[in-house]
Amino acid sequence: MDSKFIVIEGLEGAGKTSAINVVVEMLGRHGIHDVVFTREPGGTPLAEVLRRLIKDGIDNEKVTDKAELLMLYAARAQLVENVIKPALARGAWVIGDRHDLSSQAYQGGGRGVDPTLLSTLRDLVLGDFRPHLTLYLDLPPALGLQRARARGELDRIEQESLPFFERTRMRYRALAMGDPTIVTLDASLPLAQVRDALRERLDAWLNTQELHS
Ligand code: Z5A
């Protein structure tokens, strides 16, 4: 089977960490053990510096929506060209904790960034590069925030209002509906049920990939 890029997406507290573990387990069951992990923003030395700036800002300077978007795409350009594409080229599978769909949802939906700017940037930075599969963990923002905020201090984006996260979720759902490479899972269920649903969907997808290889 050719190597693939699988991405986990969802609002904060959706359970991405646990989902990544299930993906690793299922890949292992299908004999795939050469796996590279990425997170966005981040994943290269330069992209990790940008991650800090995106999440915390600097010296209380206001971060404009455009600057935030450009930093996200600068980090993504570094990660895709220096890590993801080389890994796929040598036959490794790549599991991404977030990718471009996050920008479409958070910046496009949450921040309300101009759709033309978003699509122009995406085309410029990524061309036609897309994940083979995206697992989108869907849940009401209030529930995700309740889970995640139990963990402590909030960064710049985590401090956004509930309506911001509602808009982000709406954009996620709308994009997932129109894209057959995005699988939506109900992440509001108890963890064991989410993990079972993930196993089932992934197993079916991996079997299809094996058939076509
Ligand atoms: N961002 C953006 O705006 N635009 C972009 O293009 C990109 C990102 C790429 C990255 O922050 C921030 O950048 C993020 C989006 C924005 N900001 N927000 N908000 P990050 O990487 O530091 O954080 P994150 O990805 O949002 O959050 P996370 O903490 O990594 O979320 P998670 O992985 O989904 O959460 P978790 O650790 O797996 O689960 C949280 C807790 O809930 C944990 O204690 C679990 O045990 C519990 N949990 C999970 N699932 C369940 C279920 N089903 N039942 C009960 N409890 C559960």
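Provided above is the structure to which this section pertains.
In this text the structure is predicted, and so the values were computed from the model without any measurement.

K.L.:
Describe in detail the overall build of the chain, supporting the description with residues and values.
P.N.:
The secondary structure content of the chain amounts to eight helices and five strands. Counting helices and strands in the order they occur from the N terminus, the chain gives β-α-β-α-α-β-α-α-β-α-α-β-α. Its C-alpha atoms give the chain a radius of gyration of 17 Å, within 12% of the compact-globule value 17 Å for 213 residues. If you line up the chain on its principal axes, its C-alpha atoms span 50 × 35 × 30 Å. Looking at the 213 residues of the chain, the share that counts as buried comes to 48%.

K.L.:
Which residues make up the pattern of salt bridges, and what values go with them?
P.N.:
Considering all chains together, one arrives at 18 salt bridges under this definition. Glu48 is the salt-bridge partner of Arg39, the closest N and O atoms lying 2.7 Å from each other. On the accessibility criterion, Arg39 (35% relative accessible area) is partly exposed. As a salt-bridge pair, Arg52 and Asp56 come within 2.8 Å of each other at their nearest N and O atoms. Remark: Asp56 and Arg52 occur in helix H2 (residues 45-56); sequence separation between them is four residues, near one turn of the helix. The exposure class of Asp56 is partly exposed, given its relative accessible area of 46%.

K.L.:
I'd love a proper account of the pairing of strand S3 (residues 93-97), names of residues and values included.
P.N.:
Taken across its five residues, S3 has four buried, putting it largely inside the fold. Looking at chain direction, strand S1 (residues 5-10) and S3 are connected through four bridges and run parallel. Across the sheet, residue Phe5 finds its bridge partner in S3, namely Val94. One ladder, built from five bridges, connects strand S2 (residues 35-39) with S3; its direction is parallel.

K.L.:
How would you summarise the sheet that holds S3 if you had to cite specific residues and measurements?
P.N.:
Taken in spatial order, the five strands of this open sheet run S2-S3-S1-S4-S5, and their pairing is parallel. The sheet terminates laterally at S2 and strand S5 (182-186), the two strands that pair on one side only. Looking at each pair of strands side by side, their axes are set apart by 20° on average, direction ignored. In the packing of helix H3 (residues 65-89) onto the sheet, the strands contacted are S1, S2 and S3, and the crossing angle to S2 comes to about 160°. Of the strands in this sheet, S1, S3, strand S4 (133-138) and S5 are in contact with helix H8 (residues 191-211), which crosses S5 at around 160°.

K.L.:
An account of H8 is needed here, citing residue identities and associated values.
P.N.:
With 21 residues, H8 should cover 30 Å at 1.5 Å per step; its first-to-last C-alpha distance of 30 Å lies within 8% of that length. Those residues of H8 that sit buried are Val194, Leu198, Leu202, Trp205, Leu206 and Gln209. Projected onto a plane normal to the axis of H8, the buried residues spread over an arc of 100° and lie on a single side. Across from the buried face of H8, at angles greater than 90 degrees, the exposed residues are Ala192, Glu200 and Leu211.

K.L.:
Describe in detail the side chain of Glu9, supporting the description with residues and values.
P.N.:
One can find Glu9 in strand S1. Overall, the relative accessible area of 0% leaves Glu9 in the buried class. Looking at Glu9, its side chain comes within polar contact range of the main-chain nitrogen of His99, at 2.8 Å. Not counting chain neighbours up to four residues away, the residues in contact with Glu9 comprise Lys16, Arg98, His99, Asp100, Leu101, Ser102, Thr134, Leu135, Tyr136, Leu137 and Tyr172.

K.L.:
Give me the lowdown on the site of the ligand, citing residues and values where you can.
P.N.:
Residues in close proximity to the ligand total 27 residues, the closest being Lys55, Arg98, Ser103, Gln107 and Arg151. Take Lys55: an N or O atom from its side chain is 2.4 Å from an oxygen atom of the ligand. Separating a nitrogen atom of the ligand from a backbone N or O atom of Leu189 is a distance of 2.9 Å. Those elements giving two or more residues to the shell around the ligand turn out to be helix H1 (16-29), H2, H3, helix H4 (100-110) and H8. Element by element, the count of residues in the shell around the ligand is highest for H4, at four residues. Across the shell around the ligand, the residue classes break down as eleven nonpolar, six polar and ten charged.

What counts, and where the lines are drawn
Residues numbered from 1 in each chain as written. Predicted model: local features only at pLDDT ≥ 70, side-chain atom pairs only at ≥ 80, totals over all residues. Heavy atoms only, no water. Helix = DSSP H or I, 4+ residues; strand = E, 2+ residues; numbered from the N terminus. Rg over C-alpha atoms; globule rule 2.2 N^0.38 Å. Buried < 20%, exposed > 50% of the residue type's maximum accessible area, 1.4 Å probe, protein only. Salt bridge = Lys/Arg side-chain N within 4 Å of Asp/Glu carboxyl O. Pairing = 2+ DSSP bridges. Axes fitted to C-alpha atoms, helices over the stretch in contact; angles between N-to-C directions. Contact = heavy atoms within 4.5 Å. Expected span 1.5 Å × (residues − 1). Arc of directions from axis to C-beta. Polar contact = N/O pair within 3.5 Å; in protein donor to acceptor, adjacent residues only side chain to side chain. Near = heavy atom within 4 Å. Nonpolar A, V, L, I, M, F, W, Y, C, P; charged D, E, K, R; others polar.

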